[in-house]
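# Reading the structure
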Amino acid sequence: MHNCCPSQRQVNGLNNVLNRHPWWRDAVIYQVYVRSFLDSTGDGIGDLAGVRAGLPYLKKLGVDGIWLSPFYPSPQHDHGYDVAGYCDVDPLFGDLAEFDLLTAAARRLGMKVLLDIVPNHCSDEHPWFRQALAAAPGSRERGRFHFADGRGPDGSEPPNNWHSMFGGPAWTRVTEADGRPGQWYLHMFAPEQPDWNWRTPEVAAEFDQVLRFWLDRGVDGFRVDVAAGLFKHPELPDSPDPEADARTRDSVNPLAWNQPEVHDVWRHWRAVCEEYTARDGRERLLVGEVSVPTARDHALYVRPDELHQAFFFDLLSAPWNADAFRKVIGEAMQDIAGTGSTVTWVLNNHDQVRTVTRYGEPTPEGSGLGAARARAAALLMLALPGAAYIYQGEELGLPEVVDLPDDVLTDPIFRRTGSRARIRDGCRVPLPWSGQASPFGFTSGAEGARPWLPQPDYFAEYATDRALADTRSFWHLYRDGLQLRSRLPQLGDGALEWLDTPPGVLGFVRGDGLNRGDGLVCAVNFGTAPTPAPVSGTPLLASGPCPAGVLPGSTAAWWINDL
Ligand code: NOJ
């Protein structure tokens, strides 16, 4: 019999659809770099079962969900950002059954699960790329990638002057079936990561299936890798400034990045997410890794029918300086929050030098100054309107490991730059959980089991068991900040109002629609000398010792306003 009354589930779903405050707008997500989180099998490499075992720890920390770095079948030339199969789990990390257990456990704890989807490129071991290598120039198989003839009389020069983001040319020449040197293929990253040709409808259709595969398995959304990539200028012409392309790791080549067609893909993916939301009322999220020149360009990616959010990296790249922070925060609020989306703040991730080291002196153990600033930056980020992402180990105050020996480095950038750029291994060293010596509880293997990157002895000081036991630790600061964030409506979605502060100090009030007197004030002293606090009372929370009425150097604090 047809029942005309909606079930409770349908009502909840409808309410959620109509709810104008979707969870992602001010969520705090924890980035799990799976291979370095927790190893359940003893092979020295973190895995999905390890992530499941760590969920209660993350729940206690108070994050709303996790983003899992790629765990798909991959030869691991770029630690999973070279995907050989998009709808499975690499045996290194577990299997689909383990993935299901992980998402079910997260759901039980009320935590969201985001996957990392890599649509710009795949692995040279992806079956379609293997078919392309075996097929002839001009074939349908080659049309799924960017194959082109070389320049020069014998085609021995690359088809254009583009540089790979990882160093060296963006083209590699193949050997054809007859054994002769043949066409070239495009890879904006490592040669093991051929770029897809999104002008071929088959590619778009394939990614539709990938999205649906994981959405059907219950994920809450995706972090989208290289979201300003995908399309290249159709004629693949020379870059106007190849020197600039080679100098920076930013996506500056205007013919290789940020092409207008990419926005159609995000509109389509958003529609797919909305389709799932309409079915069950659960909001799905697309958060893009968007590297574009200005906050205005960035804003185009988060228009209401495109990506829900995009990481705002300008905060991460701002130097420790009140004016620089104020400028980037102001631009983000004006240009991005102006689209109706919220800003997605980030201070650390698996590609960047950790804040403790970035803001401090370059010593192996990190410096006290860097740690004080990193704590202050964390409180600042957690007080800003919008979403925030915490990279694993950030909550422990881990410094970058700056002295890894050359022979253990795995980042393709190191190889591709002739061993000049030691950039991304130092923030990927496996987490310390307990104990006095490596592996610090990271791997369940027998005594002496070796994590895939060596952990320095001083990681003992940062182990999670010590952090939890010490109320002055980074961990407690993050946990207390997250607890206040979930309790105080002032810290939710909304705007911020700048305070007049002395040079070197940043201050703002949060709390839309509240009396100013109920607002939450956050202030950061970027200098080293103390300054009068903007609010006279004792702070609710401070990143370091903070007596009433004073804001010490390299310190941030939160107060309920008494202005
Ligand atoms: C961005 C990812 O964060 C990085 O780790 C990866 O190497 C590149 N995209 C290429 O996929």
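Source: prediction; values computed, not measured.

### Some remarks on the overall build of the chain
Counting its regular elements, the chain contains 16 helices and 18 strands. For the chain, the C-alpha radius of gyration of 24 Å lies close to 24 Å, the compact-globule estimate for 563 residues. Summarising its shape, the C-alpha atoms of the chain cover approximately 80 × 70 × 50 Å along the three principal directions. Looking at the chain residue by residue over its 563 residues, the buried ones come to 58%. Contacts spanning at least 24 positions in sequence make up 68% of the contacts within the chain whose residues lie at least 6 apart.

### Notes on helix 3 (residues 96-108)
Between its first and last C-alpha atoms helix 3 spans 18 Å; for 13 residues at 1.5 Å apiece the expected length is 18 Å, and the two agree. All of the buried residues along helix 3 are Glu98, Phe99, Leu102, Thr103, Ala105 and Ala106. Along the long axis of helix 3, the arc covered by the buried residues comes to 160°, so they all point the same way. Residues of helix 3 that are buried sit in contact with helix 2 (48-61), strand 2 (65-68), strand 3 (112-117) and helix 6 (201-216).

### Topic: the pairing of strand 8 (residues 285-288)
Neither face of strand 8 is open: one carries Leu285 and Val287, the other Leu286 and Gly288, and all of them are buried. Looking at chain direction, strand 7 (residues 221-224) and strand 8 are connected through four bridges and run parallel. Its bridge partner being in strand 8, valine 224 is matched across the sheet by glycine 288. Here two bridges tie strand 8 to strand 9 (residues 309-312), and the two strands are oriented parallel to one another. Looking across to strand 9, one finds that glycine 288 is bridged to alanine 310.

### Notes on the site of the ligand
Looking at the ligand, there are 13 residues lining it, with Asp78, His121, Asp225, His350 and Asp351 nearest. One of the side-chain nitrogen or oxygen atoms of aspartate 225 is found 2.6 Å away from an oxygen atom of the ligand. At a separation of 2.5 Å, an oxygen atom of the ligand approaches a polar side-chain atom of aspartate 351. Tallied by class, the residues present in the shell around the ligand amount to four nonpolar, two polar and seven charged.

### Points about the domain arrangement of the chain
According to the domain assignment, the chain consists of domain 1 (1-27 + 49-55 + 66-119 + 199-227 + 260-346) and domain 2 (491-560). Look at where the C-alpha atoms of domain 1 and domain 2 centre, and you get two points 32 Å apart. Contact with domain 1, which involves twelve residues of that partner, is made by twelve residues of domain 2. The contact between domain 1 and domain 2 buries some 980 Å² in all, and 71% of this surface belongs to carbon and sulfur atoms. Counting the surface domain 1 buries against domain 2, the share from its top three residues, Trp320, Ala322 and Arg326, is 52%. There are one salt bridge connecting domain 1 and domain 2.

### Regarding the packing of aromatic side chains
Counted according to the given criterion, the structure contains 38 aromatic pairs. Judged by centre distance (5.2 Å) and plane angle (70°), the ring pair of phenylalanine 166 and phenylalanine 189 falls under edge-to-face. A residue pair is termed long-range when its members are at least 10 positions apart, and phenylalanine 166 in the loop between strand 4 (147-148) and strand 5 (171-175) and phenylalanine 189 in the loop between strand 6 (181-186) and helix 6 qualify at 23 residues. Phenylalanine 189 matches phenylalanine 166 in its accessibility class, with the two residues each being buried. Three or more aromatic residues joined by ring pairs form one cluster here, namely Tyr86, Trp128, Phe129, Phe145, Phe147, Tyr185, Trp196, Trp198, Phe207, Trp266 and Trp269. Cation over ring: arginine 144 sits above tryptophan 128, and NZ or CZ is 3.8 Å from the ring centre.

### Thoughts on the nonpolar core
Note that soluble globular proteins tend to have their nonpolar side chains buried in a common cluster. The biggest cluster of nonpolar side chains holds 151 residues, and the ones touching the most others in it are Tyr30 and Leu68. The greatest single-element share of this core, amounting to nine residues, is contributed by helix 13 (residues 368-383). The two domains that each donate at least three residues to this core are domain 1 (1-27 + 49-55 + 66-119 + 199-227 + 260-346) and domain 2 (491-560). By size, the runner-up hydrophobic cluster in this structure holds 18 residues, among which are Trp162, Phe189, Ala190 and Trp257.

### Observations regarding the sheet that holds strand 4
Read across the sheet, three strands follow the order 4-6-5 without closing on themselves; strand pairing throughout is antiparallel. Two strands lie at the open edges of the sheet, namely strand 4 and strand 5, each paired on one side alone. Relative to strand 6, strand 4 runs antiparallel, the two being bridged by two bridges. Following the sheet pairing, alanine 148 is matched in strand 6 by tryptophan 184.

### Some thoughts on the pattern of salt bridges
The full count for this structure, using the stated rule, is 31 salt bridges. Here arginine 424 makes a salt bridge to aspartate 78, at a shortest N to O gap of 3.1 Å. Remark: aspartate 78 occurs in the loop between strand 2 and helix 3 and arginine 424 occurs in the loop between helix 14 (412-416) and helix 15 (464-469); sequence separation between them is 346 residues. Put simply, arginine 267 and aspartate 305 hold a salt bridge, and the shortest N to O gap is 3.4 Å. Highlighted residues: arginine 267 in helix 8 (residues 262-280) and aspartate 305 in the loop between helix 9 (295-301) and strand 9, separated in sequence by 38 residues. Looking at aspartate 305, the relative accessible area reads 38%, which means it is partly exposed.

### Some words on the packing of helix 2 against helix 16 (residues 474-487)
Running from N to C, helix 2 and helix 16 point in directions that differ by 65°, and their axes come no closer than 8 Å. Two secondary-structure elements touch here, helix 2 through Tyr57, Lys60 and Leu61 and helix 16 through Trp475, Tyr478, Arg479 and Leu482. Split by residue class, the contact of helix 2 with helix 16 holds five nonpolar, no polar and two charged.

### Digging into the packing of helix 13 against helix 16
It is at 10 Å that the axes of helix 13 and helix 16 come closest, and there the two elements cross at 10°. Relative to helix 16, the element helix 13 lies roughly parallel. Crossing of helix 13 over helix 16 shows right-handed handedness. Residue-level contacts link Ala371, Ala374, Arg375, Ala378, Leu379, Met381 and Leu382 of helix 13 to Phe474, Leu477, Tyr478, Gly481, Leu482 and Arg485 of helix 16. When its residues are assigned to classes, the contact of helix 13 with helix 16 shows ten nonpolar, one polar and two charged.

### A look at the sheet that holds strand 1 (residues 28-32)
Taking strand neighbours around the barrel as the criterion, the eight strands line up as 1-2-3-7-8-9-10-11 in a closed arrangement whose pairing is parallel. Each adjacent strand pair in this sheet contributes to an overall mean axis angle of 25°, direction not counted. Where strand 10 (residues 344-346) meets strand 11 (residues 387-391), three bridges bridge the pair, whose relative direction is parallel. Counted as the bridge partner of valine 346 is tyrosine 389 from strand 11.

The rules behind each value
Residues numbered from 1 in each chain as written. Predicted model: local features only at pLDDT ≥ 70, side-chain atom pairs only at ≥ 80, totals over all residues. Heavy atoms only, no water. Helix = DSSP H or I, 4+ residues; strand = E, 2+ residues; numbered from the N terminus. Rg over C-alpha atoms; globule rule 2.2 N^0.38 Å. Buried < 20%, exposed > 50% of the residue type's maximum accessible area, 1.4 Å probe, protein only. Contact = heavy atoms within 4.5 Å. Expected span 1.5 Å × (residues − 1). Arc of directions from axis to C-beta. Pairing = 2+ DSSP bridges. Near = heavy atom within 4 Å. Polar contact = N/O pair within 3.5 Å; in protein donor to acceptor, adjacent residues only side chain to side chain. Nonpolar A, V, L, I, M, F, W, Y, C, P; charged D, E, K, R; others polar. Domains from an automatic or database assignment. Buried area = accessible area lost by both parts, 1.4 Å probe. Salt bridge = Lys/Arg side-chain N within 4 Å of Asp/Glu carboxyl O. Phe/Tyr/Trp six-rings, centres within 6.5 Å; stacked < 30°, edge-to-face > 60°. Lys NZ or Arg CZ within 6 Å of the ring centre and 35° of its normal. Core = buried A, V, L, I, M, F, W, Y, C linked by side-chain atoms within 4.5 Å. Axes fitted to C-alpha atoms, helices over the stretch in contact; angles between N-to-C directions. Parallel < 35°, antiparallel > 145°, perpendicular 65-115°, else oblique. Left-handed = near helix turned anticlockwise from the far one by under 90°.

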